[in-house]
Every structure is written in structure tokens, then in C-alpha cells.
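Read off the chains here:
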Amino acid sequence: MKTALVKLFRFYQRFISPLSPPSCRFYPTCSHYGIEAVEKHGALKGGFLAMRRILSCHPFHKGGVDFVPEKWPPEK
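Residues numbered from 1 in each chain as written. Predicted model: local features only at pLDDT ≥ 70, side-chain atom pairs only at ≥ 80, totals over all residues. Heavy atoms only, no water.

- In the annotation of an unreviewed UniProt entry, the entry for the protein chain reads Putative membrane protein insertion efficiency factor, and the organism field reads Planococcus dechangensis.
- Recorded in UniProt for the protein chain, the comment headed Sequence similarities (unreviewed entry) runs: "Belongs to the UPF0161 family."
- UniProt's Function (unreviewed entry) comment on the protein chain is quoted here verbatim: "Could be involved in insertion of integral membrane proteins into the membrane." (UniProt positions renumbered as here; feature names shortened; annotations may be inferred.)

Shown next, in the form of C-alpha cells:
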């Protein structure tokens, strides 16, 4: 499951992301964040973190620097 999620993010980075201009409001980008979260915390917890981050990507969120938390559960 972990490998499938990482491949999904890599597919997005390689084939879908280049079709639109750079507009990510976060650093690191959501796809890089997702890969790191899944590799660090596993498919379930990392997938949850990645989904939460992707859902935060909208015009009303200020964005900014947001790294994958070292511990689980994340402190926010």
C-alpha cells in the first residue's frame, strides 16, 4: 500500500503537475509532502497527513512552510 501511494504521487509529479503553472502555496509542495509523510509514517498515517495537507490547499488558506511532523500524532 505504501509503495502504491508513493507511485501515485510520483505519477502526479511527472505527468499531471507539468501541465499547469507552479501555484503551490506550501513548501514543500503537497506531492513532496505526501511522499515524505508516507515514507516516514506509513500508508495509513502518512496518507492521512497527505490528505489533510491537500485539503488545506485552497484560496482561503495562507499556505507557508509546513514540514512532515517527526512524531505521531502531529502537534498543531
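What follows picks up the thread again.
**A word on unusual backbone geometry**
And then number 1: The residue after Y27, namely P28, is reached through a cis peptide bond having omega -10°.
And then number 2: Along the chain, P28 turns up in the loop between β1 (26–27) and α2 (30–55). (Helix = DSSP H or I, 4+ residues; strand = E, 2+ residues; numbered from the N terminus.)

**Some points on the nonpolar core**
Generally speaking, nonpolar side chains in soluble globular proteins are found buried as a group.
And then number 1: Within the largest apolar cluster, six residues are counted, these being L5, V6, F9, I35, V38 and A50.
And then number 2: Elements with a minimum of two residues in this core: α1 (2–16) and α2. (Core = buried A, V, L, I, M, F, W, Y, C linked by side-chain atoms within 4.5 Å. Buried < 20%, exposed > 50% of the residue type's maximum accessible area, 1.4 Å probe, protein only.)

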